[in-house]
Amino acid sequence: SASVNVSYSIDEDQLLLVPLAEFTDEEVTVTAFNSFNNSIGDSFNLSAINEAPVILSELPTLELATGTEIVLNLDDYFDDPDSESSLAYAIGDVENAFISFQDNLIEITPSADGSFSVSIIVTDVLNAEAIFTFFGESTTNQAPNALKELEDFEININSGVFTIDFNEYFEDPEGLELAYS
């Protein structure tokens, strides 16, 4: 016999066990009996192995301007190899960053120029735990650069639309999209 945390069946002379999601260590008792109903019993311990959460893919090194934020969906980075259910997240050590955190979403804002890190504690439903750390670099956002000076233009009356491509004259050193007014 086994508890309600293990599904089992007997196929002739073999015991088939399937642990359920809430499976913990169990004692299993086996009774063998013959056609005269004589029997003998024995038991064994069945131990649960619960693997800790793992990284789905390599954690990116975050590169942000100081004071800007990034929002990460932690479900995109971590998985439970036992597939028991969804993971729970908590914030561990934080260096040089402000954190906003709800459910599986984390917003990271570097608080100063230089390196920053945020450790995430990932726990599955059976309390297997792993700690992973996002690392990043933060720099002060720099003003756009002029590639060349704007020149004077002449246009003919009634010549239609005259276009100036500002991307020929300005660039952002961090590669951010520029807006013009």
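Quick summary incoming for the structure in this document. (Residues numbered from 1 in each chain as written. Predicted model: local features only at pLDDT ≥ 70, side-chain atom pairs only at ≥ 80, totals over all residues. Heavy atoms only, no water.)

### Description of the side chain of D124
What counts is decided by this rule: In this text, helices come from DSSP runs of H or I with a minimum length of four residues, and strands from runs of E with a minimum of two, each type numbered from the N-terminal end. Note on classification: 1.4 Å probe, protein chains only; a residue is buried when its accessible area is under 20% of the maximum for its type, exposed when over 50%, partly exposed between these limits. Note on charges: Lys and Arg go in the positive column, Asp and Glu in the negative column, and His and the chain ends are not counted at all. When a carboxyl oxygen of Asp or Glu is within 4 Å of a side-chain nitrogen of Lys or Arg, the pair counts as a salt bridge. Distance and chemistry together define a polar contact, namely a pair of N or O atoms within 3.5 Å, with one atom able to donate a hydrogen and the other to accept it when in protein, and with adjacent residues in sequence counting only for side-chain atoms on both sides.
Among the structural elements, D124 can be located in the loop between β12 (114-123) and β13 (129-139). Of the side chains with opposite charge, K148 lies nearest to the buried D124, which makes no salt bridge, at 59 Å. For D124, the side chain forms a polar contact with the main-chain nitrogen of L126, separated by 3.0 Å. Engagement of the side chain of D124 in a polar contact is seen with the backbone nitrogen of A128, the distance being 2.9 Å.

### A look at a nonpolar patch on the surface
Formally: The patch calculation keeps residues exceeding 30% relative accessible area without a salt bridge and links them within 9 Å when they carry like charges or within 5 Å when they are nonpolar (Val, Leu, Ile, Met, Phe, Trp, Tyr). In this description, accessible areas are obtained by the Shrake-Rupley approach with a 1.4 Å probe, and a residue is regarded as covered only by the protein chains that are shown.
A surface patch of nonpolar side chains, amounting to about 610 Å² of accessible area, comprises L150, F153, I155, F162, I164, F166 and Y180. Assignment of secondary structure puts Y180 in the segment after β15 (170-171). The class for Y180 is partly exposed, based on a relative accessible area of 35%.

### What to know about a negative patch on the surface
Basically, it comes down to this: Lysine's charge is taken at NZ, arginine's at CZ, aspartate's at CG and glutamate's at CD.
Judged by side-chain charge, E151, D152, E154, D165 and E168 come together as a negatively charged surface patch. Structurally, D165 is set in the loop between β14 (145-146) and β15.

### What about the packing of aromatic side chains?
For clarity, the cut-off: Pairing of aromatic rings covers Phe, Tyr and the six-membered ring of Trp, with a centre-to-centre limit of 6.5 Å; geometry is then stacked below 30 degrees between planes, edge-to-face above 60, and tilted otherwise.
On inspection of all chains with the given rule, the structure shows 8 aromatic pairs. Plain terms: the ring middles of F78 and F132 are 4.9 Å apart, the flat faces sit at 25° to each other, and that makes the pair stacked. With a gap of 54 residues between them, F78 in strand β8 (residues 78-79) and F132 in strand β13 connect regions that are remote in the sequence. Like F78, the residue F132 is buried in the burial classification. Here F153 and F162 contribute two aromatic rings whose centre-to-centre distance is 5.6 Å and whose plane-to-plane angle is 65°, an arrangement assigned as edge-to-face. The partly exposed category is assigned to F153, whose relative accessible area is 34%. Judged by relative accessible area, F162 falls into the partly exposed class, the value being 41%. Counting every residue linked through ring pairs, the aromatic cluster contains Y77, F78, Y89, F132 and F134.

### Brief notes about the sheet that holds β12
The pairing of strands in a sheet happens through backbone hydrogen bonds and is either parallel or antiparallel. Stated precisely, the cut-off is as follows: Note on pairing: DSSP must find at least two bridges between two strands before they are called paired. Only the stretch in contact is used when a helix axis is fitted, and all axes are lines through C-alpha atoms; the angle between N-to-C directions ranges over 0 to 180 degrees.
On the basis of which strands lie adjacent, the open sheet formed by 4 strands has the order β6-β13-β12-β9 and mixed pairing. Bordering the open sheet on either side are β6 (62-65) and β9 (88-95), each of which pairs with just one other strand. Taken pair by pair, the neighbouring strands of this sheet meet at an average axis angle of 30°, ignoring direction. Relative to β13, β12 runs antiparallel, the two sharing 10 bridges. Directly across from V118, in β13, lies its bridge partner F134.

Keep in mind that these numbers describe shape and distance, not what the molecule does.
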